[in-house]
Amino acid sequence: MVKNGKKQVADTVSIGTWKRFRKNTGVTPKYFQAFCKSLGLNWEEIVDNIQSESTTMPVSLDLENSPVFPYFYGRNQQLESSKKWILQDKCNLIFLLGRGGIGKTLFSIRLIKEIQNNFDYVIWRSLETSPTIEYILEDSIKFFSQQQETTLPSTLDEKITKLINYFAFSRCLLILDNAESILHSGCHIGKYREGYESYGYLFQRIAQSSHQSCLLITSRENQKQLI
Ligand SMILES: Nc1ncnc2c1ncn2[C@@H]1O[C@H](COP(=O)(O)OP(=O)(O)OP(=O)(O)O)[C@@H](O)[C@H]1O
Ligand SMILES: [Mg+2]
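Residues numbered from 1 in each chain as written. Chains lettered and ligands numbered in written order. Predicted model: local features only at pLDDT ≥ 70, side-chain atom pairs only at ≥ 80, totals over all residues.

## Some thoughts on the overall build of the protein
Along the backbone of the protein there are eight helices and seven strands. Among the 227 residues that make up the protein, the fraction classed as buried is 26%. Long-range pairs, those at least 24 residues apart, make up 74% of the contacts in the protein between residues at least 6 apart in sequence. (Helix = DSSP H or I, 4+ residues; strand = E, 2+ residues; numbered from the N terminus. Buried ≥ 20, exposed ≤ 12 C-beta atoms within 10 Å, placed from the backbone. Contact = placed C-beta atoms within 7 Å.)

Dropping the structure here:
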(Lines give C-alpha, C1' and ligand atoms only; values in the text may rest on other atoms or scores of the structure.)
(Ligands and ions follow the chains in the order given, each with its own letter.)
Protein backbone atom coordinates (compact mmCIF):
# COMPACT_ATOMS: atom_id res chain seq x y z
CA MET A 1 0.00 0.00 0.00
CA VAL A 2 1.34 3.49 -0.83
CA LYS A 3 0.17 6.42 1.27
CA ASN A 4 1.54 9.97 1.26
CA GLY A 5 4.40 8.80 -0.92
CA LYS A 6 5.46 6.28 1.73
CA LYS A 7 5.02 2.56 1.73
CA GLN A 8 2.73 1.57 4.59
CA VAL A 9 2.76 -1.87 6.13
CA ALA A 10 -0.79 -3.10 6.61
CA ASP A 11 -0.07 -6.22 8.65
CA THR A 12 3.06 -5.54 10.58
CA VAL A 13 5.18 -7.75 12.74
CA SER A 14 7.37 -5.66 15.00
CA ILE A 15 10.89 -6.62 16.04
CA GLY A 16 9.54 -6.95 19.59
CA THR A 17 6.92 -9.46 18.45
CA TRP A 18 9.53 -11.44 16.58
CA LYS A 19 11.90 -11.48 19.57
CA ARG A 20 9.15 -12.57 21.97
CA PHE A 21 8.06 -15.21 19.48
CA ARG A 22 11.60 -16.50 19.12
CA LYS A 23 12.22 -16.45 22.88
CA ASN A 24 9.03 -18.35 23.66
CA THR A 25 9.17 -20.86 20.86
CA GLY A 26 12.85 -21.05 19.91
CA VAL A 27 11.89 -21.20 16.23
CA THR A 28 14.32 -20.41 13.48
CA PRO A 29 13.99 -17.31 11.27
CA LYS A 30 13.10 -19.65 8.40
CA TYR A 31 10.21 -21.13 10.35
CA PHE A 32 9.04 -17.66 11.34
CA GLN A 33 9.17 -16.63 7.69
CA ALA A 34 7.02 -19.63 6.74
CA PHE A 35 4.67 -18.88 9.62
CA CYS A 36 4.20 -15.28 8.44
CA LYS A 37 3.61 -16.48 4.92
CA SER A 38 0.96 -18.91 6.17
CA LEU A 39 -0.85 -15.96 7.76
CA GLY A 40 -0.76 -14.12 4.46
CA LEU A 41 1.65 -11.47 5.70
CA ASN A 42 3.95 -9.96 3.13
CA TRP A 43 7.36 -11.14 4.18
CA GLU A 44 9.34 -8.46 2.36
CA GLU A 45 7.32 -5.74 3.99
CA ILE A 46 7.84 -7.33 7.38
CA VAL A 47 11.60 -7.35 6.84
CA ASP A 48 11.45 -3.69 5.77
CA ASN A 49 9.46 -2.93 8.86
CA ILE A 50 11.80 -4.76 11.21
CA GLN A 51 14.77 -3.06 9.58
CA SER A 52 13.30 0.37 10.06
CA GLU A 53 12.76 -0.16 13.79
CA SER A 54 15.58 0.31 16.20
CA THR A 55 16.63 -2.26 18.73
CA THR A 56 18.62 -1.71 21.87
CA MET A 57 20.27 -5.09 22.40
CA PRO A 58 21.89 -7.65 20.15
CA VAL A 59 20.01 -10.91 20.30
CA SER A 60 23.18 -12.87 20.47
CA LEU A 61 26.88 -12.18 20.88
CA ASP A 62 29.64 -14.78 20.56
CA LEU A 63 33.21 -13.55 20.79
CA GLU A 64 34.72 -17.00 21.41
CA ASN A 65 38.31 -16.58 22.64
CA SER A 66 38.71 -12.96 21.65
CA PRO A 67 41.31 -11.17 23.76
CA VAL A 68 40.07 -9.14 26.67
CA PHE A 69 41.84 -5.83 26.99
CA PRO A 70 41.40 -3.31 29.77
CA TYR A 71 42.19 -0.22 27.74
CA PHE A 72 41.82 1.14 24.21
CA TYR A 73 43.24 4.47 23.06
CA GLY A 74 42.65 6.63 20.01
CA ARG A 75 41.63 5.34 16.56
CA ASN A 76 38.59 7.63 16.70
CA GLN A 77 38.75 8.56 13.03
CA GLN A 78 39.09 4.93 11.93
CA LEU A 79 36.25 3.93 14.24
CA GLU A 80 33.99 6.62 12.79
CA SER A 81 34.85 5.63 9.20
CA SER A 82 34.20 1.95 9.91
CA LYS A 83 30.90 2.72 11.63
CA LYS A 84 29.85 4.80 8.63
CA TRP A 85 30.76 2.03 6.16
CA ILE A 86 28.90 -0.59 8.16
CA LEU A 87 25.85 1.25 9.49
CA GLN A 88 25.24 4.02 6.96
CA ASP A 89 26.72 2.76 3.72
CA LYS A 90 25.68 -0.85 4.53
CA CYS A 91 28.90 -2.32 3.16
CA ASN A 92 28.58 -6.08 2.92
CA LEU A 93 32.28 -6.81 3.11
CA ILE A 94 35.14 -4.87 4.71
CA PHE A 95 38.84 -5.70 4.84
CA LEU A 96 40.88 -4.25 7.67
CA LEU A 97 44.52 -4.57 6.66
CA GLY A 98 47.67 -3.66 8.53
CA ARG A 99 51.01 -4.90 9.70
CA GLY A 100 51.37 -7.25 12.65
CA GLY A 101 50.84 -5.68 16.05
CA ILE A 102 49.32 -2.45 14.75
CA GLY A 103 46.07 -3.08 16.61
CA LYS A 104 43.66 -4.82 14.20
CA THR A 105 42.33 -7.31 16.74
CA LEU A 106 41.78 -4.71 19.46
CA PHE A 107 40.17 -2.43 16.91
CA SER A 108 37.74 -5.14 15.79
CA ILE A 109 36.70 -5.88 19.38
CA ARG A 110 36.28 -2.16 20.10
CA LEU A 111 34.21 -1.74 16.95
CA ILE A 112 31.92 -4.59 18.04
CA LYS A 113 31.40 -2.86 21.37
CA GLU A 114 30.37 0.36 19.64
CA ILE A 115 28.02 -1.10 17.02
CA GLN A 116 26.71 -4.36 18.48
CA ASN A 117 23.33 -2.85 19.34
CA ASN A 118 22.65 -2.39 15.64
CA PHE A 119 22.78 -6.12 15.02
CA ASP A 120 20.77 -9.19 15.91
CA TYR A 121 23.81 -11.45 15.91
CA VAL A 122 27.48 -10.68 16.35
CA ILE A 123 30.10 -13.38 16.03
CA TRP A 124 33.89 -13.00 16.17
CA ARG A 125 36.18 -15.81 15.10
CA SER A 126 39.94 -16.05 14.66
CA LEU A 127 41.34 -17.84 11.62
CA GLU A 128 44.70 -18.17 13.39
CA THR A 129 44.49 -21.96 13.52
CA SER A 130 43.52 -22.07 9.81
CA PRO A 131 40.08 -23.64 10.22
CA THR A 132 38.49 -25.07 7.09
CA ILE A 133 35.80 -23.02 5.40
CA GLU A 134 33.33 -25.83 6.20
CA TYR A 135 34.06 -25.44 9.90
CA ILE A 136 33.57 -21.67 9.82
CA LEU A 137 30.34 -21.98 7.83
CA GLU A 138 28.89 -24.66 10.09
CA ASP A 139 29.92 -22.80 13.23
CA SER A 140 28.38 -19.52 11.98
CA ILE A 141 25.17 -21.11 10.67
CA LYS A 142 24.62 -22.91 13.96
CA PHE A 143 25.09 -19.63 15.79
CA PHE A 144 22.79 -17.62 13.50
CA SER A 145 20.14 -20.35 13.72
CA GLN A 146 20.50 -20.54 17.51
CA GLN A 147 21.72 -24.14 17.22
CA GLN A 148 18.56 -25.11 15.30
CA GLU A 149 20.39 -26.00 12.09
CA THR A 150 21.98 -29.32 12.93
CA THR A 151 21.90 -30.97 9.52
CA LEU A 152 23.57 -28.75 7.00
CA PRO A 153 23.61 -29.16 3.21
CA SER A 154 26.45 -31.22 1.87
CA THR A 155 27.81 -28.89 -0.81
CA LEU A 156 29.86 -25.80 -0.12
CA ASP A 157 27.66 -23.74 -2.43
CA GLU A 158 24.53 -24.67 -0.50
CA LYS A 159 26.19 -23.94 2.84
CA ILE A 160 27.19 -20.48 1.61
CA THR A 161 23.66 -19.91 0.34
CA LYS A 162 22.31 -20.85 3.75
CA LEU A 163 24.65 -18.41 5.47
CA ILE A 164 23.59 -15.66 3.08
CA ASN A 165 19.93 -16.45 3.81
CA TYR A 166 20.63 -15.73 7.47
CA PHE A 167 22.52 -12.60 6.42
CA ALA A 168 19.40 -11.52 4.53
CA PHE A 169 16.90 -12.34 7.22
CA SER A 170 18.77 -10.98 10.26
CA ARG A 171 21.29 -8.26 10.84
CA CYS A 172 24.44 -10.30 11.35
CA LEU A 173 27.97 -9.06 11.93
CA LEU A 174 30.61 -11.71 11.28
CA ILE A 175 34.22 -10.84 12.02
CA LEU A 176 37.02 -13.10 10.86
CA ASP A 177 40.33 -12.07 12.42
CA ASN A 178 43.82 -13.15 11.28
CA ALA A 179 42.95 -13.95 7.66
CA GLU A 180 46.70 -14.03 6.91
CA SER A 181 46.61 -17.55 8.32
CA ILE A 182 44.77 -18.80 5.25
CA LEU A 183 47.02 -16.88 2.84
CA HIS A 184 50.48 -17.41 1.47
CA SER A 185 53.16 -14.98 2.49
CA GLY A 186 56.43 -14.09 0.82
CA CYS A 187 56.60 -14.40 -2.95
CA HIS A 188 53.06 -15.83 -3.12
CA ILE A 189 51.63 -12.89 -1.24
CA GLY A 190 47.92 -12.38 -1.87
CA LYS A 191 47.17 -15.99 -2.77
CA TYR A 192 45.16 -18.41 -0.71
CA ARG A 193 46.98 -21.37 0.77
CA GLU A 194 46.18 -24.68 -0.83
CA GLY A 195 42.82 -25.93 0.41
CA TYR A 196 41.67 -22.46 1.45
CA GLU A 197 40.79 -21.01 -1.97
CA SER A 198 37.05 -21.36 -1.22
CA TYR A 199 37.32 -18.54 1.28
CA GLY A 200 37.75 -16.22 -1.70
CA TYR A 201 34.54 -17.56 -3.19
CA LEU A 202 32.73 -17.05 0.15
CA PHE A 203 33.93 -13.44 0.34
CA GLN A 204 32.85 -12.86 -3.26
CA ARG A 205 29.37 -14.28 -2.67
CA ILE A 206 28.92 -12.17 0.47
CA ALA A 207 30.07 -9.04 -1.35
CA GLN A 208 27.80 -9.60 -4.33
CA SER A 209 24.62 -10.82 -2.59
CA SER A 210 21.79 -8.69 -1.37
CA HIS A 211 21.45 -8.85 2.44
CA GLN A 212 21.50 -6.69 5.54
CA SER A 213 24.66 -8.01 7.18
CA CYS A 214 28.39 -7.42 7.18
CA LEU A 215 31.52 -9.54 7.09
CA LEU A 216 34.63 -7.80 8.42
CA ILE A 217 37.97 -9.47 7.80
CA THR A 218 41.26 -8.49 9.33
CA SER A 219 44.55 -9.52 7.82
CA ARG A 220 48.24 -8.71 8.01
CA GLU A 221 48.80 -9.03 4.30
CA ASN A 222 48.31 -6.27 1.82
CA GLN A 223 45.88 -8.18 -0.31
CA LYS A 224 44.90 -7.23 -3.80
CA GLN A 225 43.25 -10.48 -4.75
CA LEU A 226 41.20 -11.50 -1.75
CA ILE A 227 38.10 -11.67 -3.88
N1 LIG B 1 44.10 1.28 20.29
C2 LIG B 1 44.93 0.70 21.15
N3 LIG B 1 44.96 1.09 22.43
C4 LIG B 1 45.80 0.53 23.31
N5 LIG B 1 46.67 -0.46 23.00
C6 LIG B 1 46.68 -0.90 21.74
C7 LIG B 1 45.80 -0.37 20.75
N8 LIG B 1 46.04 -1.01 19.57
C9 LIG B 1 46.99 -1.89 19.82
N10 LIG B 1 47.40 -1.84 21.12
C11 LIG B 1 48.46 -2.65 21.74
O12 LIG B 1 49.13 -3.37 20.73
C13 LIG B 1 49.03 -4.78 20.96
C14 LIG B 1 48.79 -5.49 19.62
O15 LIG B 1 47.47 -5.19 19.16
P16 LIG B 1 46.65 -6.24 18.30
O17 LIG B 1 46.83 -7.61 18.85
O18 LIG B 1 45.29 -5.74 18.16
O19 LIG B 1 47.43 -6.13 16.93
P20 LIG B 1 47.17 -6.89 15.58
O21 LIG B 1 47.27 -5.90 14.47
O22 LIG B 1 45.90 -7.66 15.69
O23 LIG B 1 48.39 -7.87 15.53
P24 LIG B 1 48.52 -9.25 14.72
O25 LIG B 1 48.68 -8.91 13.27
O26 LIG B 1 49.75 -9.86 15.32
O27 LIG B 1 47.31 -10.08 14.99
C28 LIG B 1 47.89 -4.97 21.96
O29 LIG B 1 48.05 -6.09 22.80
C30 LIG B 1 47.93 -3.68 22.74
O31 LIG B 1 48.85 -3.78 23.79
MG1 LIG C 1 45.46 -9.68 15.68
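## What about helix H6 (residues 133-144)?
In an α-helix, one turn spans 3.6 residues, which is why side chains three or four residues apart end up on the same side. When the terminal C-alpha atoms of H6 are compared, their 16 Å separation across twelve residues agrees well with the 16 Å that a helix rising 1.5 Å per residue should span. Of all the residues in H6, the buried ones are Ile133, Ile136, Leu137, Ser140, Ile141, Phe143 and Phe144. All buried residues of H6 lie within an arc of 160° about the axis, which places them on one face of the element. Turned more than 90 degrees off the buried face of H6, the exposed positions are Glu134 and Tyr135. Structurally, H6 contributes buried residues whose contacts are with strand E3 (60-62), strand E5 (121-126), helix H7 (156-169), strand E6 (172-177) and helix H8 (198-208). Backbone geometry just after H6 places glutamine 146 at a positive phi near 55°. (Expected span 1.5 Å × (residues − 1). Arc of directions from axis to C-beta.)

## Topic: the environment of alanine 207
Position of alanine 207 relative to the elements: it lies in helix H8. Along the primary structure alanine 207 and leucine 93 are separated by 114 residues, whereas in three dimensions their C-alpha atoms are 5.5 Å apart.

Honestly, it's all geometry; don't read function into it.
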